[in-house]
Amino acid sequence: MTYKTILVHIDETERSDLRVRFAAQLAAKEEAHLIGTAVTGVSRFIYQDGNISASDPNLMIHLKFLRERAEKAVASFETVVRQTSLQSFESSIANDEAGGGIGLQARYSDLVVIGQTNPDEPSPSVLPDFPEYIVMNAGRPAVIIPYAGDFPTIGKRPLISWDASREATRAVTDALPLLKQADLVQVAIFNPKKNPGAHGEQPGADIALYLARHGVKVEVSVHTTHTDVGNALLSLSHDLDSDLLVMGGYGHSRFREMIMGGVTRTILESMTVPVFMSH
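A brief structural summary. Numbering of residues starts from 1 in each chain and follows the order in which that chain's sequence is written. In keeping with the model being predicted, local features are shown solely for residues with a pLDDT of at least 70 and side-chain atom pairs are shown and tallied solely at 80 or more, while totals for entire chains, interfaces and linings include all residues. Water and hydrogen atoms were dropped before computing side-chain values, which therefore reflect all heavy atoms in the structure.

**Some thoughts on unusual backbone geometry**
Phase 1 of the analysis: Non-glycine residue Glu 31 carries a positive phi angle of around 55 degrees.
Phase 2 of the analysis: Inspection of the secondary structure puts Glu 31 in the loop between helix H1 (15–30) and strand E2 (33–39).
Phase 3 of the analysis: A positive phi angle is found at Asp 241, which is not glycine, with a value near 60 degrees.
Phase 4 of the analysis: Under the scheme used here, helices are H or I runs from DSSP no shorter than 4 residues and strands are E runs no shorter than 2 residues, and both carry numbers assigned from the N terminus. Among the secondary structure elements, Asp 241 is positioned in the loop between helix H10 (229–239) and strand E9 (244–248).
Phase 5 of the analysis: Owing to a relative accessible area of 58%, Asp 241 belongs among the exposed residues under this scheme. Classification of residues uses two cut-offs on accessible area relative to the type maximum, computed with a 1.4 Å probe and protein chains only: under 20% is buried, over 50% is exposed, and between them is partly exposed.

**Digging into the sheet that holds strand E12 (residues 275–278)**
Phase 1 of the analysis: Spatial strand order, E3-E2-E1-E4-E5-E12-E9-E6-E7-E8: 10 strands in an open sheet with mixed pairing. The sheet terminates laterally at strand E3 (89–94) and strand E8 (218–223), the two strands that pair on one side only. Looking at each pair of strands side by side, their axes are set apart by 20 degrees on average, direction ignored.
Phase 2 of the analysis: In terms of strand pairing, strand E1 (residues 5–9) meets strand E4 (residues 111–115) through three bridges, oriented parallel. Considered in E4, the bridge of Val 8 is made with Val 113.
Phase 3 of the analysis: We call two residues in contact when some of their heavy atoms are within 4.5 Å. Axis definition: a line fitted to C-alpha atoms, over the contacting stretch in the case of helices. Angles run 0 to 180 degrees between N-to-C directions. Sheet contacts for helix H5 (residues 130–137): E1, E4, strand E5 (142–145) and E12; angle to E4, the most-contacted strand, approximately 165 degrees. Strands were regarded as paired on the criterion that DSSP finds at least two bridges between them.

**Here's the deal with the side chain of Thr 40**
Phase 1 of the analysis: Secondary-structure assignment places Thr 40 in the loop between E2 and helix H2 (42–48).
Phase 2 of the analysis: Here the side chain of Thr 40 touches Asn 95 through a polar contact of 3.1 Å, side chain to side chain. Counted as a polar contact is a pair of N or O atoms within 3.5 Å, where, for protein atoms, one must be capable of donating a hydrogen and the other of accepting one, and residues adjacent in sequence contribute only when both atoms are in side chains.

**Notes on the packing of aromatic side chains**
Phase 1 of the analysis: Between rings of Phe, Tyr and Trp, where Trp is taken as its six-membered ring, a pair exists when centres lie within 6.5 Å; planes separated by under 30 degrees are stacked, by over 60 edge-to-face, and by other angles tilted. Inspection of the entire model under this criterion finds one aromatic pair.
Phase 2 of the analysis: Between Phe 77 and Phe 89 the ring centres are 6.3 Å apart and the planes differ by 75 degrees, which places this aromatic pair in the edge-to-face class. Within this pair, whereas Phe 77 is found in helix H3 (residues 57–82), its partner Phe 89 is found in strand E3, the two being separated by 12 residues in sequence.
Phase 3 of the analysis: For Phe 77, a relative accessible area of 1% gives the class buried.
Phase 4 of the analysis: On the accessibility criterion, Phe 89 (24% relative accessible area) is partly exposed.

**Observations concerning the pattern of salt bridges**
Phase 1 of the analysis: Every case where a carboxyl oxygen of Asp or Glu lies within 4 Å of a side-chain nitrogen of Lys or Arg is listed as a salt bridge. Under the criterion given, the structure shown has eight salt bridges.
Phase 2 of the analysis: Residues Glu 71 and Arg 67 are paired through a salt bridge, measuring 3.5 Å at the closest nitrogen-oxygen approach. Of the two residues, Glu 71 and Arg 67 are both situated in helix H3; the distance of four residues between them amounts to about one turn of the helix.
Phase 3 of the analysis: Taking the relative accessible area as the measure of exposure, Glu 71 reaches 40% and is therefore partly exposed.

**Details of the nonpolar core**
Phase 1 of the analysis: Buried Ala, Val, Leu, Ile, Met, Phe, Trp, Tyr and Cys residues that are joined via side-chain atoms within 4.5 Å together make up what is termed a nonpolar core. Ranked by size, the top nonpolar core spans 46 residues in total, and within it Ile 6, Leu 34, Ile 160, Leu 179, Leu 211 and Phe 276 carry the most contacts.
Phase 2 of the analysis: Here this core gets seven residues from one element, more than from any other, and that element is H1.
Phase 3 of the analysis: Ignoring any residue separated from it by four or fewer positions in sequence, one finds Ile 160 in contact with Val 172, Leu 179, Val 185, Gln 186, Val 187, Ala 188, Leu 211 and Val 246.
Phase 4 of the analysis: Core analysis: the second largest hydrophobic core is formed by 33 residues, Ala 142, Leu 233, Leu 245 and Met 277 among them.

**Observations regarding the packing of H10 against helix H11 (residues 262–270)**
Phase 1 of the analysis: With their axes 8 Å apart at the nearest point, H10 and H11 run at an angle of 50 degrees to one another. Between H10 and H11, the angle falls in the class oblique. From H10, Val 229, Gly 230, Asn 231, Leu 233 and Leu 234 reach across to H11, where they touch Val 263, Thr 266, Ile 267 and Ser 270. Should an angle fall under 35 degrees it is called roughly parallel, over 145 degrees roughly antiparallel, and 65 to 115 degrees roughly perpendicular, with every other angle called oblique.

**A closer look at the environment of Ala 171**
Phase 1 of the analysis: Looking at the element boundaries, Ala 171 is found in helix H6 (residues 166–174).
Phase 2 of the analysis: The exposure class of Ala 171 is buried, given its relative accessible area of 0%.
Phase 3 of the analysis: C-alpha of Ala 171 to C-alpha of Ser 278: the two residues are 107 residues apart in sequence and 4.8 Å apart in space.
Phase 4 of the analysis: Setting aside residues no more than four positions away along its own chain, Ala 171 makes contact with Val 246, Met 247, Gly 248, Phe 276 and Ser 278.

**So, the side chain of Gln 116**
Phase 1 of the analysis: Along the polypeptide, Gln 116 turns up in the loop between E4 and H5.
Phase 2 of the analysis: The residues contacting Gln 116, other than those within four sequence positions of it, are Pro 131, Ile 144, Ile 145, Pro 146, Tyr 147, Leu 268, Glu 269, Ser 270 and Met 271.

Written as structure tokens, this is what we have:
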């Protein structure tokens, strides 16, 4: 697998430039096309106010404000990308909230780069469950950048959370282009005795061999924890100085409500490193 089209969600926040720089650098390495998409949130605005009409004097003022925010995000995206070596890129604006606008365009991309929800920085165009929605509905892997922290490198020392599930398998396969570029990939297995049939006699041996055949330098570690696996995983990533966490996204959607598994929820809420997640 290769990434030939990478999509990055852009907005007016400071973290948007960090997402763009990562996406542009990865696109340059993969010789991929980069798309930066901003959303206006117009659909959400109209949906929430069923009494709105074209004759409302405040309507055009508000719509203009939403459009200008998106245009500023596009201008910033183009400025950042032109500072990199990437040659193939474009920008677009979607008149939708982030879940709908980015989720639809993601289906024509190989990878989506988005940001973690910052509860202290609400946006009229981004619903709080945006990352969950993209992971569960876009049908594409996502790299989620935390709303806090400095990340001089992303993907040099990835940590894979491996439980031999379908979701974890999907994540490892989708992340292969990144894993091949890594200096060292760590595979962590927590409490393998709970599912011995999936891991075999030597937990981690099969996934390590699979990765090695792809030219990935890999090490495996097995851990037993009696606490929340999500927090144990974040603690391990800190101890190993990991700069990317690769894992499956667990859960399902019921209309717009995201019902996530415990580990997935913990990571999305408390991530301290960028996360590569597939469902």
